[in-house]
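Given next are the chains, with one letter for each unit.
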Amino acid sequence: YFIVKDSTDNDLSFLQKMAQADIDEGLYSRQLYVIDHDAMRRMGKADVLIAGMRGLGVEIAKNVILAGVRSVTIQDEGVVQWRDLSSQFYLKEADLGQNRALCSEKQLSSLNVYVRVSAWTNKLDEDFLSKFQVVVLTNSPLEEQLHVGAFCHSNNIKFIVADTRGLCGQLFCDFGESFEVRDTNGETPVSAMIAHISKDNPGIVTCTDEESHEFTDGMFVNFSEIQGMTELNSYGPIEIKVRGSYSFSICDTSNFSEYVKGGVVTEVKQSEILSFKPLNVALDEAIRDPGLVEMTDYGKTQRHLSLHLAFQALHRFTQKYSRAPHPRSQAGAEELVAITKELCKDAKFDELDEDAVRQLSLVASGDLAPVSAFIGGLAAQEVVKACSGKFTPLRQWLYFDALECLPQENDGVLSEDACAPVSYNRYDGQISVFGSAFQDKLKKQNYFLVGAGAIGCELLKNFALIGLGAGEGGNITVTDMDSIERSNLNRQFLFHSKDIGRLKSEVAAESVKEMNPYMNITAHQNRVCPETEEVYTHSFYSNLDGVAAALDNVDARVYLDQCCVRNKKPMLEGGTLGSKGHTLVVVPHLTESYGPSTSGGQKAIPICTLKNFPHRIEHTLQWARDQFEGLFKQTAENVNNFLSDPTFVDRTVARGDVEAVEILEGVYRILGEEWPQNWADCVSWARRQWETLYNNQIKQLLHCFPRDQVTSSGLPFWMGAKRCPDPLTFDTNNTTHMDFIVAAANLYGQIYGITGSRNRADIQSILQGIKVPEFTPKSSVKIAVTDQELKEENEERKEEDKVKLEMLKEKLSKLQLKDQSFRMHPQEFEKDDDSNFHMDYIVATSNLRAENYNIPTADRHKSKLIAGRIIPAIATTTAAIAGLMCLELYKLVQGHQKITSYRNAYINLATQYFVLSQPCVAPTYTVSDEATHLSPSNMLFKIISCAVK
């Protein structure tokens, strides 16, 4: 790109100019499903200062830059030291003695071309601070925090303090006297179909019994499409009170009209105004008002308050000695306890956890990458909230510790000598906590990382910083079969624009080698599945110390878990969904394994709902996706199999008559009467397809079930979840109608190898010459209302299908192709390529179906999320989850055998929800009179082995 000079900006790239106009959905696509367009636009106007470029500061900067604010300024007066390399992933040995901010600027700038990144190496003064909307201080002295915090509070600048000390972390937020939260949780507004509304005070709304509603007390809702009690359609947001799984009460409806039928109720998000206390006030009030301290581990409630005072004591210690307590110094620990006790007296706090204070002192000089990753992820999310008004901010303190990572009692006590700094050692920050012997052990580890996507990149970064597999005999094997796409760059920070199209595993391996040149890493491009068991054999697993799963689907996790159980290897597993994330640690013979999948995730949509009775946009989008797969992928694949495999027909017949008829009819149709000879034939096919889907089929449905149809109980057939449809009339001036024709015709041409066109004028000209056959509904057609009815109908027409099948087999046997080498081109659905007509087809097909049934349509962005089954993602959650996983890695490498030291986690950064819990114990089964710890998935294997013996 080139530089644009103007009177308002010194240097502004062309891309940065463009970013001010709109949002790059190709880059931010996954994040936009977490943070909406409006919130992203507000972020795009924010200038952020991040002070301190050690490990924590660079972690926050990386995440904020990826998120897409207008500018980030990084500030640091200090120079690079050996211990910085323990957690600062953009510093190298060649940078020693140079300014940390200047050394980090170039690499941070490369993360996002839409964000201006600059470095500042001077002190922070008020003139400089006034340029920013958000100020973040990391690893700063308390005196500076108080001064900067007071200035920010009085000038309505959002202020954040983040700090890490060994295995402990601290976070503080002050967003001013009046901060508006526009969306407290980021969840999709709840909605439900209405079955009945009473005339009463209060009125009782009963939802359809398809599934229980998800409303909660105090929500506000709007009503629409109600027939009868139409007053509610324009009433405005109404507060509700839940009465049961299918009902809730609203306002007085006694004077409204009688409810007749229909209606949709939808949650209306309410903004909130929050008030924050300045740092000097919140510092003292946290003990008196524990509500100011967010819990990250409910088993450590008192420890959190003790850490609040202990961090203040650390500041006093540091001010006195100009350093933190020496690693593992018992004298330093006792002095810190004494200082903390003095603070307890002033705060009238008598529940001090002295052991936690001692432990903090022993590790306070340490600098650990996983802790920086976790606290950095949380702090960056608070920056996003401050800039966008999206999600509920931290109010106002958060403390975190992972002191259970330290050696267990039977492992012996670490000495000061063991944890003393080593000359010219990049791992000094970690040795200060765990000792040099543990560092040697880390270097010798052999780990298998499955997945080099968002979590995989973050894990590899942490692996490089902690030195996992970075010594003689150590190695990391990473496998990922995917290539880098542009949408990956927003959260998979090891990749850059120049890497698009390259294999993820190879680029990730190269990137972490730059972070730590001592890394031993091997890149594979294999899927881990039964088909690759010749590669990932028992011998392969036998040489491993553990496995890390960074996968994006349940089936792959289940399979990998089975491999780990079978080979008795520990597994670290983590996943994210937008602002939510989880971690799981599996320790052989100690904790429960991931286990078999007990749920299919999303509830399957009934076939009859999809075919004839949709009532949500999710239904029309799934129907559109099914249409795409059937017309442009599966049928084309079946044709190719028919043309190349003489046994195809027999194999198809073996699948059952109903399925065989459907498949063979499709093959015969596409090789016979529907074979287009040119582009005009493709347009003609698309036009007839439109008429069939949106006019003829709807007319047939209404013929079978007229608008005034009643059920056997006398109730209207078209009510509740059954929306009465209307046929559409084709109009070349209707944009959505033409969107369908253009996309469908081009896709149909593509599977035959016919070149299409986007020229709408030419396509309209072709359409004028197309005669669409008249349609008359048939009384002989039966339409199933439920899936059970559909199953019964299929049974009834077995004989009819057998006759059809024989006729189809005969017709197919007589087919003669002019070109025996002809093969079709099946379309593999790709949601992120805007030039391939795939999403064009899905959006138009779904929205026309929605128009049939009077369902609110969805724009391209929402349609891509649902039809493309996209997993929303943001870098902040990914960083935090990877940090938690690597804290569990510390325990595995040390060989902890007490289940109380391990933690599984569930977090939601949108609402400050944290649950860190002890894993479940591995179930015990009695086999041959011996109690054995087994996962259920490995139980049968063990029983068979015993039987063989």
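Rules of the game
- Residues numbered from 1 in each chain as written.
- Predicted model: local features only at pLDDT ≥ 70, side-chain atom pairs only at ≥ 80, totals over all residues.
- Heavy atoms only, no water.
- UniProt positions renumbered as here; feature names shortened; annotations may be inferred.
- Helix = DSSP H or I, 4+ residues; strand = E, 2+ residues; numbered from the N terminus.
- Rg over C-alpha atoms; globule rule 2.2 N^0.38 Å.
- Buried < 20%, exposed > 50% of the residue type's maximum accessible area, 1.4 Å probe, protein only.
- Contact = heavy atoms within 4.5 Å.
- Areas by Shrake-Rupley, 256 points an atom, 1.4 Å probe, with all protein chains shown as cover.
- Lys, Arg positive; Asp, Glu negative; His and termini not counted.
- Charge placed at Lys NZ, Arg CZ, Asp CG, Glu CD.
- Salt bridge = Lys/Arg side-chain N within 4 Å of Asp/Glu carboxyl O.
- Pairing = 2+ DSSP bridges.
- Axes fitted to C-alpha atoms, helices over the stretch in contact; angles between N-to-C directions.
- Parallel < 35°, antiparallel > 145°, perpendicular 65-115°, else oblique.
- Nonpolar A, V, L, I, M, F, W, Y, C, P; charged D, E, K, R; others polar.
- Core = buried A, V, L, I, M, F, W, Y, C linked by side-chain atoms within 4.5 Å.
- pLDDT = per-residue confidence, 0-100.
- Arc of directions from axis to C-beta.
- Phe/Tyr/Trp six-rings, centres within 6.5 Å; stacked < 30°, edge-to-face > 60°.
- Lys NZ or Arg CZ within 6 Å of the ring centre and 35° of its normal.
- Disulfide = S-S within 2.5 Å.
- Left-handed = near helix turned anticlockwise from the far one by under 90°.
- Patch = residues over 30% accessible without salt bridge, like charges linked within 9 Å, V, L, I, M, F, W, Y side chains within 5 Å.

As named in an unreviewed UniProt entry, the chain is E1 ubiquitin-activating enzyme, taken from Cyprinus carpio. Quoted straight from UniProt, the Sequence similarities (unreviewed entry) entry for the chain says "Belongs to the ubiquitin-activating E1 family."

J.: Explain the overall build of the chain to me, please; I cannot follow it from the model alone.
T.: Check the secondary structure of the chain and you find 31 helices and 29 strands. Taken over C-alpha atoms, the radius of gyration comes to 32 Å for the chain, in line with the 30 Å a tight globule of 949 residues would show. Oriented by its inertia axes, the alpha-carbon framework of the chain measures out at about 95 × 75 × 70 Å. Burial statistics for the chain: of 949 residues in total, 55% are counted as buried. Within the chain, contacts between residues separated by at least 24 positions form 73% of all contacts whose residues are at least 6 apart in sequence. For the chain, the accessible surface area stands at approximately 40,900 Å², while carbon and sulfur atoms represent 48% of it. A distance of 2 Å separates the average location of the 96 positive side-chain charges in the chain from that of its 125 negative side-chain charges.

J.: For this particular structure, what's the right way to read the pattern of salt bridges?
T.: Close approach of charged atoms allows side chains of opposite charge to pair. Following the criterion strictly, the structure yields 52 salt bridges and no others. Of the charged contacts, one joins Asp38 and Arg41 as a salt bridge, the two residues approaching to 3.4 Å between their closest N and O atoms. Of this pair, Asp38 and Arg41 are both found in helix α3 (residues 37-43), three residues apart, which corresponds to roughly one turn of the helix. Judged by relative accessible area, which is 48%, Asp38 ranks as partly exposed. Overlapping salt bridges, with partners in common, bring together Asp297, Lys300, Arg303, Asp353, Asp401, Glu404, Glu888, Lys891 and Arg903 in one network.

J.: I keep staring at the sheet that holds strand β10 (residues 191-197) and nothing clicks. Help me out?
T.: Hydrogen bonds between backbone groups are what pair the strands of a sheet, and the pairing can be parallel or antiparallel. If you trace the seven strands from one edge of the open sheet to the other, you get β13-β12-β16-β10-β11-β15-β14, paired in antiparallel fashion. At either margin of the open sheet sits one strand with a lone partner, and together these are β13 (238-239) and β14 (241-244). Two elements, β10 and strand β16 (residues 264-267), share three bridges in a ladder whose sense is antiparallel. Across the sheet, Ser191 pairs through a bridge with Thr266, a residue of β16.

J.: Would you explain the packing of helix α20 (residues 617-644) against helix α24 (residues 735-752) in this entry?
T.: Geometrically, a packed helix pair is captured by the angle between its two axes and the distance between the axes. Where α20 meets α24, the axes come as close as 9 Å, and the angle between the chain directions of the two elements is 30 degrees. In terms of orientation, α20 and α24 fall into the roughly parallel class. Together, Phe628, Leu631 and Phe632 of α20 and Ala744, Leu747, Tyr748 and Ile751 of α24 make up the contact between the two elements. Here the residues of the contact of α20 with α24 are counted per class, giving seven nonpolar, no polar and no charged.

J.: Is there a simple way to think about the UniProt feature "domain: Ubiquitin-activating enzyme E1 FCCH" (unreviewed entry) in the chain in this case?
T.: Following the UniProt record, one finds the feature "domain: Ubiquitin-activating enzyme E1 FCCH" (unreviewed entry) at residues 200-269. Along residues 200-269 the backbone is 0% helical and 31% strand, and the end-to-end C-alpha distance reaches 26 Å.

J.: How should the sheet that holds strand β21 (residues 475-479) be read in this particular structure?
T.: In space, the eight strands of this open sheet follow the order β22-β21-β20-β23-β24-β25-β26-β27, with mixed pairing throughout. Taken across any chain shown, the strands that pair with only one partner, and hence form the sheet edges, are β22 (521-524) and β27 (913-917). Strand after strand, the sheet turns through a mean of 10 degrees between neighbouring axes, direction not considered. Here strand β25 (residues 580-586) pairs with strand β26 (residues 904-908) via four bridges, running antiparallel. When the sheet's bridge partners are listed, Thr583 is paired in β26 with Ala905. Its contacts with the sheet put helix α18 (residues 554-567) on β20 (446-450), β23 (546-549), β24 (571-577) and β25, and the angle it makes with β24 is roughly 170 degrees.

J.: When you look at the nonpolar core in this model, what are you seeing that I'm missing?
T.: What tends to happen in soluble globular proteins is that the nonpolar side chains get buried as a cluster. The biggest cluster of nonpolar side chains holds 171 residues, and the ones touching the most others in it are Leu108, Val135, Leu167, Trp397, Leu459, Leu460 and Phe463. Looking at this core element by element, the count peaks at twelve residues for helix α30 (residues 875-894). Look past the residues within four positions of Val135 in its chain and what remains in contact with it is Leu49, Leu129, Val148, Cys152, Ile157, Lys158, Phe159 and Ile160. Of all hydrophobic cores here, the second largest spans 72 residues; its members include Ile617, Phe642, Ile783 and Leu812.

J.: Explanation requested: the UniProt feature "active site" (unreviewed entry) in the chain in the structure shown.
T.: Residues annotated by UniProt as "active site" (unreviewed entry) correspond here to Cys608. Topologically, Cys608 is positioned in helix α19 (residues 607-611). When its relative accessible area of 4% is taken as the criterion, Cys608 is described as buried. The contacts of Cys608, once residues within four sequence positions are left out, are Phe613, Ala784, Val785, Thr786, Asp787 and Leu790.

J.: Please clarify how the confidence of the model for the chain should be interpreted in this entry.
T.: Regions with low pLDDT carry predicted coordinates that are not meant to be interpreted in detail. Residues with a pLDDT of 70 or more make up 94% of the chain, whose mean pLDDT is 90. The low-confidence segment residues 1-21, where pLDDT is below 50, has 29 contacts with residues more than four positions distant or belonging to other chains. Segment residues 936-949: pLDDT under 50, and 14 contacts once partners within four positions in sequence are set aside and those in other chains are kept.

J.: Explain the environment of Val264 here, please?
T.: Turning to its location among the elements, Val264 is positioned in strand β16. Residues within four places of Val264 in sequence aside, it is in contact with Ala192, Met193, Ile194, Asn222, Phe223, Ser224, Glu225 and Arg723.

J.: Which parts of the structure should I look at to understand unusual backbone geometry?
T.: Only a minority of non-glycine residues have a phi that is not negative, and only a minority of peptide bonds are not trans. Cis geometry marks the peptide bond from Asn201 to Pro202; its omega dihedral reads 5 degrees. Along the polypeptide, Pro202 turns up in the loop between β10 and β11 (204-207). The step from Arg395 to Gln396 runs through a cis peptide bond, and the omega angle for that step is -10 degrees. With a phi angle near 55 degrees, Asn156 is a residue other than glycine that sits in the positive phi range. Of note in the backbone geometry, Lys348 takes a positive phi value of approximately 55 degrees without being a glycine. Counting through the fold element by element, Lys348 comes out in the loop between α10 (330-347) and α11 (354-363). Overall, the relative accessible area of 76% leaves Lys348 in the exposed class.

J.: Whenever I open this one, helix α8 (residues 279-288) confuses me. Can you help?
T.: Note: α-helices contain 3.6 residues per turn, so residues at a spacing of three or four share the same orientation. Those residues of α8 lying buried are Leu279, Ala282, Leu283, Ala286 and Ile287. Down the axis, α8 shows its buried residues gathered within 130 degrees of arc, on one side only.

J.: It is not clear to me how the pairing of β26 should be interpreted in this structure. Could you clarify?
T.: Within a regular strand, the side chains alternate between the two sheet faces. Most of β26 is tucked away, with four of its five residues classed as buried. Pairing geometry for β26 and β27, over five bridges, is antiparallel. Bridge pairing in β27 places Ile907 opposite Phe914. Taken together, β26 and the strand that follows it, β27, pair antiparallel across an intervening segment of four residues, in which Gln912 is found at a positive phi of about 55 degrees.

J.: Looking at this model, I keep getting lost on the packing of aromatic side chains. Mind explaining?
T.: One pair of aromatic rings is described through two measures. These are the centre distance and the angle between the planes. The full count for this structure, using the stated rule, is 47 aromatic pairs. Taken together, a centroid distance of 5.3 Å and an interplanar angle of 40 degrees make the contact between Phe175 and Phe276 tilted. A residue pair is termed long-range when its members are at least 10 positions apart, and Phe175 in the loop between β8 (168-174) and β9 (179-181) and Phe276 in the loop between β17 (272-274) and α8 qualify at 101 residues. In this structure, Phe175 and Phe276 share a single accessibility class: buried. When the ring centre of Phe493 is taken as origin, the NZ or CZ atom of Lys62, which lies over that ring, is 4.7 Å away.

J.: Can you help me understand the state of the cysteines in this one?
T.: Covalent bonding between the sulfur atoms of two cysteines is what defines a disulfide. Counted under the stated rule, the structure contains zero disulfides. Here Cys405 is not cross-linked by a disulfide; its sulfur's nearest cysteine counterpart is in Cys168, at 10 Å. Residue Cys457 stays outside any disulfide, its sulfur separated by 13 Å from that of Cys886, the closest cysteine. According to the relative accessible area criterion, Cys457 is buried, its value standing at 0%.

J.: Would you mind going over the packing of helix α23 (residues 679-704) against α24 with me for this structure?
T.: Where α23 contacts α24, the axes come no closer than 8 Å and their chain directions differ by 125 degrees. Here α23 lies oblique to α24, going by the angle between them. When the axes of α23 and α24 are compared, the crossing they make is right-handed. Residues Trp679, Cys682, Val683, Trp685, Ala686, Arg687, Gln689, Trp690, Leu693 and Tyr694 of α23 lie in contact with α24, whose contacting residues are His737, Phe740, Ile741, Ala744, Ala745, Asn746, Tyr748 and Gly749. When grouped by side-chain class, the residues that make up the contact of α23 with α24 number 13 nonpolar, four polar and one charged.

J.: Would you take a moment to explain a negative patch on the surface for this structure?
T.: Among the surface-exposed residues, Asp209, Glu210, Glu211 and Glu214 lie close enough to one another that they form a single negatively charged patch. Structurally, Glu210 is set in the loop between β11 and β12 (220-224). The partly exposed category is assigned to Glu210, whose relative accessible area is 39%.

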